[in-house]
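Chain by chain, the residues run as shown.
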Amino acid sequence: MKSRTFNVPADSSVDFAELLEEYGLEGFITGRNDDNELLVRVEYDPQEDSEAILEIMEQLEDFDEEEDDDDE
């Protein structure tokens, strides 16, 4: 198993949780960073879940872009 920690904007936490559920993964909140983003550790099997992790990374970028648009 491998793990990856994602910085998840608090406003996107529900959307992020739904993504994890969609891909059959579990995340564990380990804290927050200086930007008040949640630190979520996701454990995954690299052979089975690497594509899902890439998709989640892309979606997380979209969450960040949406949050930046809301700030303007």
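Predicted, not measured: the structure shown is a model, and the values here were computed from it.

## Examining the overall build of the chain
Helices and strands together make up the secondary structure of the chain, namely 2 helices and 3 strands. Counting from the amino terminus, the chain carries its helices and strands in the arrangement β-α-β-β-α. The C-alpha radius of gyration computed for the chain amounts to 12 Å, which stays within 12% of the reference 11 Å derived for 72 residues, consistent with globular compactness. Dimensions of the chain along its principal axes, counting C-alpha atoms only, are 40 × 20 × 15 Å. Counting across all 72 residues of the chain, residues that qualify as buried make up 25%. Looking at the chain, you have 4 positive and 27 negative side-chain charges, and the mean spots of the two groups are 13 Å apart.

## What about the sheet that holds strand β1 (residues 2-8)?
Judged by pairing direction, the sheet is antiparallel, and its 3 strands sit side by side in the order β1-β3-β2 without closing on themselves. Two strands in the sheet have a free side with no partner beyond their single neighbour: β1 and β2 (27-32). Taken over all neighbouring pairs, the strand axes of this sheet differ in orientation by 30 degrees on average, direction set aside. Note that β2 and strand β3 (residues 38-44) share 5 bridges and pair antiparallel. Residue Ile29 lies in a different strand from β3, and its bridge partner there is Val40. Running at roughly 0 degrees to β3, helix α1 (residues 13-22) makes contact with β1, β2 and β3 of the sheet.

## Overview of the pairing of β3
Here β1 pairs with β3 via 7 bridges, running antiparallel. Counterpart to Lys2 in the pairing with β3 is Tyr44. As consecutive antiparallel partners, β2 and β3 are separated by 5 residues, and within that stretch Asn36 has a phi angle of approximately 60 degrees, a positive value.

## A word on the packing of aromatic side chains
Across all of its chains, the model carries 1 aromatic pair by this definition. Taking the centre distance of 5.5 Å and the plane angle of 55 degrees together, the rings of Phe6 and Phe16 count as tilted. Remark: Phe16 occurs in helix α1 and Phe6 occurs in strand β1; sequence separation between them is 10 residues. Since its relative accessible area comes to 3%, Phe6 is described here as buried. One Lys or Arg, Arg4, reaches over the ring of Phe6 and ends 5.6 Å from the middle of that ring.

Each value, and the rule that gives it
Residues numbered from 1 in each chain as written. Predicted model: local features only at pLDDT ≥ 70, side-chain atom pairs only at ≥ 80, totals over all residues. Heavy atoms only, no water. Helix = DSSP H or I, 4+ residues; strand = E, 2+ residues; numbered from the N terminus. Rg over C-alpha atoms; globule rule 2.2 N^0.38 Å. Buried < 20%, exposed > 50% of the residue type's maximum accessible area, 1.4 Å probe, protein only. Lys, Arg positive; Asp, Glu negative; His and termini not counted. Charge placed at Lys NZ, Arg CZ, Asp CG, Glu CD. Pairing = 2+ DSSP bridges. Axes fitted to C-alpha atoms, helices over the stretch in contact; angles between N-to-C directions. Contact = heavy atoms within 4.5 Å. Phe/Tyr/Trp six-rings, centres within 6.5 Å; stacked < 30°, edge-to-face > 60°. Lys NZ or Arg CZ within 6 Å of the ring centre and 35° of its normal.

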